[in-house]
Amino acid sequence: MLDHLSAITSYEVIDAEQVEGALSNLHRLSLATRDTASWYRRLRVHALVQRTTRDDIPQHQPLHALAWCAAEALMRRWPEDIPIPGRELADNANNLERHTRRELLQGPEGAHTLLYCLGRSKGRSESPRSAVVYFEKLLDESIRTLGDQHTDTLIIRYALAGWRRRAGEASAAVAELEDVLAFVLARFGRQDQLTLIIRHELAHCRRADGHVSGAIADMEELLAVHLQELGPKDSTTLITRRNLADWRAEDGDIPAAIAELEELLAAQRHALGPDHTATLKTQDDLEEWRDRGKQLAQAIGELDEIAVARLKLLAPDNTAALTLRRNLARWRDWIGDVAGAITQLEKLLTTQRQACGGENPATLLTRRHLASCRSRAGDLSGAITELETALEAQLQVHGRDHRSTLAVRHHLAFTRAESGDVTEGTMQLEEVLTSQLQTLGPRDPDTLATRHSLIFLRGLTGDADVTITDLEELLTERIAVLGPASPVTLTTRHSLAFFRGQTGDVTGAVSELETVLATQQEIRGARHPDTLATQQDLEYWRDLNSRPSARPAGARTTSTYVENTTQ
């Protein structure tokens, strides 16, 4: 403020004492009212005096500089930790914005922050609709002043869409953001921070508009990008994980919600510590959903009856009906009824193909789930058929190197290896890994999953010592990206234990499995199927360790040591 006054007057330097003297003169002449008793030393000026002052601004003195000087002064008083400012501060901001909106949009580094803070305060102190009206006016001015493709115009449209969602206008918000996203993608690319922020809000808007499954798919892609670009400890990554967990639960997919919360808890313990408020909140929520999961397993029969009754009231191709049927299949799979899950998935797939088409993302996801169930039921041929059909559709819709296409190729390659064609499966996994390294990067979770499958298959047919070295390197990277307690990190430890045992290092195998078991008991509980499987394997290797003359047996099943690549 002092610098600005010095610049527009004949004085070389204006100091605080001179300003105090000028304000005292204004007060003495009844042109301003000063309250020096309050902590922020309030100064009030009558609206007529303000109007007269604005009208008398010399032509050679641009309004832009005055507007920005006033805005900077307001922002210095704007409370950082309180979203709603005091009434007088808000009134001043409103008056300044109303008279200098155009000037505040034209800054050297973009629109002034005050414009966005004022819009947020309207949405929180008044109503979301008030914020919508405010940002609509701001958008009109920005288009006239800056153009419809200016970065600040796009940011204002993003803010407008967010408040439209909160005001109950989710469909309009989705349309707005889809248009904005097209501009941003073309100009800045998929990895730009603005692109990611808009995609995040678009997922929220789609969820509010009733498209929960689509929102979950959007958030899954965002999580992968955040993990690669920001790392597992970043607050944005943790928030994205939290949203995913909540939305999966809302969508009725309790097993997936539990798995997501387990991933989140591991990341929070690693990034924030075990006693952080957010970590403890996640731990409480996880226990609650585990209890619900146990109740779900006990009540699956009753849920079938309820679902049948509800489905009679809905058309077979109704979105709610398809979601309910998909969740029933997932629940059956989760409690171990793989045969029941296969039956329901087959019927669901038939309906989805008729209602949505074979290339619809939901249809393709059902195919992958069905393939996974067939594989675990021993029907590897059936699983390969489903995956080949899914891959053909993925190639037509997304191309060869899209993330979801690469995931199907990964699943298909590993299933072929399980069926006995290890050479072909290994070769296809190498091709998938090459594509993932180019398109997703070396630290992306999908890339790390493919590396794990490839290392494991090479270990079954090659040098186990080399495999152990590769798994140790992979374990270090997974701990860095996902944390030591992540389920997939534990899967890598499990595989490492297996190959240590195969090379005769039974003590090393026992040590790895003890680490895995302790973490699983802490995070997943003593009765979780994964915990029980680890307990069984630990007992096996402990038994061998007590009998030095015994030779390690071959792998019982590869599925024990390789993560599920379908989720």
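What you see is a predicted model; the values in this text were computed from it and never measured. (Residues numbered from 1 in each chain as written. Predicted model: local features only at pLDDT ≥ 70, side-chain atom pairs only at ≥ 80, totals over all residues. Heavy atoms only, no water.)

Of the regular secondary structure elements, the protein holds 26 helices and 2 strands. Across the 567 residues of the protein, 47% fall into the buried class. Sequence separation of at least 24 residues holds for 57% of the intrachain contacts in the protein that already meet a minimum separation of 6. About 28,000 Å² of surface is accessible on the protein, with carbon and sulfur atoms providing 50% of the total. (Helix = DSSP H or I, 4+ residues; strand = E, 2+ residues; numbered from the N terminus. Buried < 20%, exposed > 50% of the residue type's maximum accessible area, 1.4 Å probe, protein only. Contact = heavy atoms within 4.5 Å. Areas by Shrake-Rupley, 256 points an atom, 1.4 Å probe, with all protein chains shown as cover.)

Tallying each qualifying case throughout the model produces 5 aromatic pairs. Ring geometry for Tyr134 versus Phe135: centroids 5.1 Å apart, planes at 80°, classification edge-to-face. Across this residue pair, the class does not change: Tyr134 and Phe135 are buried. Aromatic side chains Phe498 and Phe499 sit 5.0 Å apart centroid to centroid with 75° between the ring planes, which places their arrangement in the edge-to-face category. On the accessibility criterion, Phe498 (2% relative accessible area) is buried. Owing to a relative accessible area of 2%, Phe499 belongs among the buried residues under this scheme. Aromatic ring contacts, followed pair by pair, group Phe456, Phe498 and Phe499 into a single cluster. In this structure, Arg166 is placed above the aromatic ring of Trp163, and the distance from its NZ or CZ to the ring centre is 4.6 Å. (Phe/Tyr/Trp six-rings, centres within 6.5 Å; stacked < 30°, edge-to-face > 60°. Lys NZ or Arg CZ within 6 Å of the ring centre and 35° of its normal.)

For the rest of this paragraph, the subject is the pattern of salt bridges. On inspection of all chains with the given rule, the structure shows 35 salt bridges. The shortest N-O distance in the salt bridge between Arg144 and Glu141 comes to 2.9 Å. You can see Arg144 and its partner Glu141 sitting in helix α7 (residues 128-146), 3 residues apart, about one turn around the helix. According to the relative accessible area criterion, Glu141 is buried, its value standing at 8%. Note that Asp285 is salt-bridged to Lys281, the shortest N-O span being 2.7 Å. One end of the pair, Asp285, and the other, Lys281, are both in helix α14 (residues 277-298), 4 residues apart, so they sit about a helical turn from each other. Residue class for Asp285 comes out buried when judged on its relative accessible area of 10%. For Lys281, a relative accessible area of 46% gives the class partly exposed. Salt bridges sharing partners connect three or more residues here, namely Arg129, Glu136, Arg157, Arg164, Glu169, Glu176 and Asp179. (Salt bridge = Lys/Arg side-chain N within 4 Å of Asp/Glu carboxyl O.)

On to the side chain of Arg241. Secondary-structure assignment places Arg241 in helix α12 (residues 235-250). Excluding anything up to four places from it in sequence, Arg241 contacts Leu223, Leu227, Glu260, Glu263, Leu264, Ala267 and Leu482.

For the rest of this paragraph, the subject is the side chain of Arg409. Here Arg409 is to be found in helix α20 (residues 403-418). What Arg409 contacts, discounting residues up to four positions off in sequence, is Leu391, Arg400, Asp401, Glu431, Val432 and Ser435.

Averaged over every residue, the pLDDT of the protein is 81; residues scoring 70 or more account for 80%. Note on residues 554-562: pLDDT under 50 across the span, and 25 contacts to partners over four residues away in sequence or across chains. (pLDDT = per-residue confidence, 0-100.)

Position of Gly119 among the secondary structure elements: in helix α6 (residues 113-125). Its relative accessible area of 0% is what places Gly119 among the buried residues. Ignoring sequence-local partners within four residues, the contact set of Gly119 consists of Ala131, Tyr134, Phe135 and Trp163.

Glancing now at α12. Taking 1.5 Å as the rise per residue, α12 with 16 residues should run 22 Å; its terminal C-alpha atoms sit 22 Å apart, in good agreement. For α12, the set of buried residues is Thr237, Leu238, Thr240, Arg241, Arg242, Asn243, Leu244, Ala245, Trp247, Arg248 and Ala249. (Expected span 1.5 Å × (residues − 1).)

Counting residues in hydrophobic clusters, the biggest one holds 35 residues, and the most contacted among them are Met219, Trp247, Leu471, Phe499 and Trp541. Elements that contribute at least two residues to this core include exactly α10 (193-208), α11 (212-229), α12, α22 (445-461), α23 (464-482), α24 (487-502), α25 (506-523) and α26 (529-545). Filtering out sequence-adjacent residues up to four positions away, Met219 remains in contact with His200, Ala203, His204, Thr240, Asn243, Leu244 and Trp247. (Core = buried A, V, L, I, M, F, W, Y, C linked by side-chain atoms within 4.5 Å.)

To continue, consider the packing of α12 against helix α13 (residues 254-271). Orientation of α12 relative to α13, taken along the N-to-C sense of each, is 160°, at an axis distance of 8 Å. In terms of their interaxial angle, α12 and α13 are classed as roughly antiparallel. The hand of the α12/α13 crossing is left-handed. Along the contact surface, α12 presents Leu238, Arg241, Arg242, Leu244, Ala245, Arg248 and Ala249, while α13 presents Ala256, Ala257, Glu260, Leu261, Glu263, Leu264, Ala267 and Gln268. When its residues are assigned to classes, the contact of α12 with α13 shows 9 nonpolar, 1 polar and 5 charged. (Axes fitted to C-alpha atoms, helices over the stretch in contact; angles between N-to-C directions. Parallel < 35°, antiparallel > 145°, perpendicular 65-115°, else oblique. Left-handed = near helix turned anticlockwise from the far one by under 90°. Nonpolar A, V, L, I, M, F, W, Y, C, P; charged D, E, K, R; others polar.)

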